[in-house]
Amino acid sequence: MSLLTANELGRSYGATSIFADVSLRIEADDRIGLVGPNGEGKTTLLRLIAGLDSPTTGSIHRRRDLRVGYLAQDDGQPPPDQDLWTATLSAFDTLRALERQLQEQADQLADEDALRRYAQMQAEFERLDGYTYESRTKQVLEGLGFDAPDFRRPLAEFSGGQRTRASLARLLLEAPDLLLLDEPTNYLDLEAVEWLEHWLSEAQVSYVIVSHDRYFLNRVSGRIWEMAFGRLETYRGNYSAYARQRQERYERRLKEWETQQAYVAKTEDFVRRFLAGQRTKEAQGRRKRLARYLRDEGVDKPQQHKRVHLNLGDAERSGDEVLGLRDLQLGYSDTAPPLVQAPEALIERGERIAVIGSNGAGKTTLVRTILGELAPLSGELRLGARVQVGYLPQLQEHLDPGHTVLDAVQEVSPESKPAELRNLLGGFLLSGDDVDKRISELSGGERSRVSLARLVLAGANFLILDEPTNHLDITSQEVLEQVLEDFGGTILLVSHDRYLIQSLATGIWRVADGELSSFDGDWEAYVLWRERQVVELESATGKASSRQQTREEQREARRLRKQREKALARQEEVEQQIAQLENDKDGIGEQIGKAGERQDLDAVAELSQKLQQTERQIAALYSEWENLATGLEEGLAETPMG
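Note that the coordinates shown come from a computational prediction; the quantities given were computed from them, not determined experimentally. (Residues numbered from 1 in each chain as written. Predicted model: local features only at pLDDT ≥ 70, side-chain atom pairs only at ≥ 80, totals over all residues. Heavy atoms only, no water.)

Of all hydrophobic cores here, the largest spans 49 residues; its most connected members are Leu425, Val450, Leu463, Leu465, Ile501, Trp523 and Tyr526. Take this core: its biggest share by element is five residues, from helix H14 (residues 444–458). Residues lining this core come from more than one domain, with at least three contributed by each of domain 1 (1–67 + 177–237) and domain 4 (321–532). Not counting chain neighbours up to four residues away, the residues in contact with Leu425 comprise Val405, Leu406, Val409, Leu430, Val435 and Ala453. Counting 40 residues, the second largest nonpolar core, distinct from the first, contains Ala169, Leu171, Trp195 and Val205. (Core = buried A, V, L, I, M, F, W, Y, C linked by side-chain atoms within 4.5 Å. Buried < 20%, exposed > 50% of the residue type's maximum accessible area, 1.4 Å probe, protein only. Helix = DSSP H or I, 4+ residues; strand = E, 2+ residues; numbered from the N terminus. Domains from an automatic or database assignment. Contact = heavy atoms within 4.5 Å.)

Turning our eyes to something else, we now look at the side chain of Arg11. With respect to the secondary-structure elements, Arg11 resides in strand S1 (residues 4–13). Among the polar contacts listed, one links the side chain of Arg11 to the side chain of Thr56, at a separation of 3.3 Å. (Polar contact = N/O pair within 3.5 Å; in protein donor to acceptor, adjacent residues only side chain to side chain.)

With that settled, the discussion passes to the sheet that holds strand S3 (residues 31–35). If you walk across this open sheet you meet the six strands as S5-S6-S7-S3-S8-S9, and the pairing is mixed. On the outer flanks of this sheet lie strand S5 (68–71) and strand S9 (231–236), each paired with one strand and no other. Taken over all neighbouring pairs, the strand axes of this sheet differ in orientation by 15 degrees on average, direction set aside. (Pairing = 2+ DSSP bridges. Axes fitted to C-alpha atoms, helices over the stretch in contact; angles between N-to-C directions.)

Another aspect to go through is the pairing of strand S15 (residues 462–466). Counting buried positions over the five residues of S15 gives five, a clear majority of the element. Residues Phe462, Ile464 and Asp466 of S15 are buried on one face, and the alternating residues Leu463 and Leu465, pointing to the opposite face, are buried as well. Note that strand S14 (residues 389–392) and S15 share four bridges and pair parallel. Residue pairing across strands places Leu392 opposite Leu465, the latter belonging to S15. As paired elements, S15 and strand S16 (residues 490–494) share five bridges and run parallel to each other. Note on S16: the bridge partner recorded for Asp466 is Val494. In this fold, S15 hands off to helix H15 (residues 474–486), which returns the chain to S16; that crossover is right-handed. (Right-handed = clockwise from strand over helix to strand, strands pointing away.)

Right, let's get into the pattern of salt bridges. Applying the stated rule across the entire model yields 41 salt bridges. Two residues, Glu282 and Arg286, come together in a salt bridge whose shortest N-O distance is 3.3 Å. Taken together, the residues span about one helical turn, with Glu282 and Arg286 both in helix H10 (residues 280–296) at a distance of four residues. The residue Arg570 makes a salt bridge to Glu573 at a minimum N-O spacing of 3.1 Å. Here Arg570 and its partner Glu573 are both found in helix H18 (residues 547–598), three residues apart, which amounts to about one turn of the helix. (Salt bridge = Lys/Arg side-chain N within 4 Å of Asp/Glu carboxyl O.)

The structure is reproduced here in structure tokens:
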């Protein structure tokens, strides 16, 4: 039975329509990622599903006993006058009330009826895991990045992002039937995001999650909803499957539209030539058939959102060694212990190094030291020959809020003509009146695009990027990723965006526990290395009980790795088979259309059977792909390293 269905939903604000004719269904165990450009109505749709707003048109039907939990990006409400621990425990108000009744009943066990009531209440308390709710609360709070000293701090002392994390903790503990999460990873560091991924994979709950974190969506989604151009499109699989299907769907629809336009042009040409001649009746008949076809079967030209057109140009060649660190100690005071120590690290020309670490670990201190804004406490930091640094800060504080967009880019390239700069800004979707807006009037995403335009004009060959995908929607993230992939220089990338790291990084610098350590490889190779480190640490501390156990773990690790490699190869093979069958399906559809025009009913029947068989094959392959994806996801989390 469906948890929730919606039919022909529409939402308008005055004369402005956000979306229309949206129909959807949420089933038990559904794991849905909701994506789309900013401003397309994703949050609006979540609020309608949650029952916080009403649709302008259409209807929503919820299962009678459905419990819905909704996490807003920022509800703007003042925090309750409670500490973190008390506020989070409110998820168990009903359970704690039962606990108090048990305690009261324990003092009144005077007869068999009282004992029977007590036994029934105790059984219910145990069924609800009543003896573990405090330990579960501690586990969730720590998983989301809170330390024990935070538990008794008043919520009013926390930042807005920390309070959002607290709301998420309470929501997870409430265990609703349907979770609606709006950008839940916005205020989480990598460790907390990975914890949340694991929690969601284990939880018996349906959810719809709005997120710009593509790697997160890959890990937690079994279906993708895309809000774009006022409509909702659905796709099977995770984010990577959606990205492939979206392009294939666009190309298929574009081909259908182009075929239609060729038919329309041919028919209109015939009508134009023969309407007033000897074949008037035939021309009139074709005109009527064309009008009926366009009314009943005509398709609109498929739409794509405008994309940022960014070209960083050819970087001037630097020396082989771009950045070297040796015995480096970083911090803000000679009298305090260093915040970060870097025994030795080197970046060579053409490398793309991702810097990772929890919030407050020292990543920003490292960047400021490389930029020369902060002197090292000791050690050596050297930039190589002919290195030109280009820096993209996280908060765009370098932009003068009183400047216009045009002023901001002209500041970097005063010799450029305004017309040239306007042309450049147009590639960043900043055109017309946009270039005359003041920086203070821009959204976070628009300020990011101004900073990227300045980076183009700087002509740097060593880019230092601090959280470059912050404030960018997924489409813009994809473009930035491609541009950085094509950049001929060297990149140092501070980011929580694992999808970007996986796509770009040739190496990773991890800042943790006061030390910088380097690793060669991309994100997934780093994760496997990290798991190996955990196993080795457990072995060194005596948790591995014997050599025989270690050998067995190594054999199991090898077996699982081979199993994973085999599953990855099969997944790629399935994707190729799906793409081929989708093309076959399109071809069969065209053949059915031609057979229908010839009125060849036998061919139509035969081809229809073939089409149904192809659709069944596609559905079976999608099911296999989803099973493989689930197995790979669980296997990566559970694989022991030896």
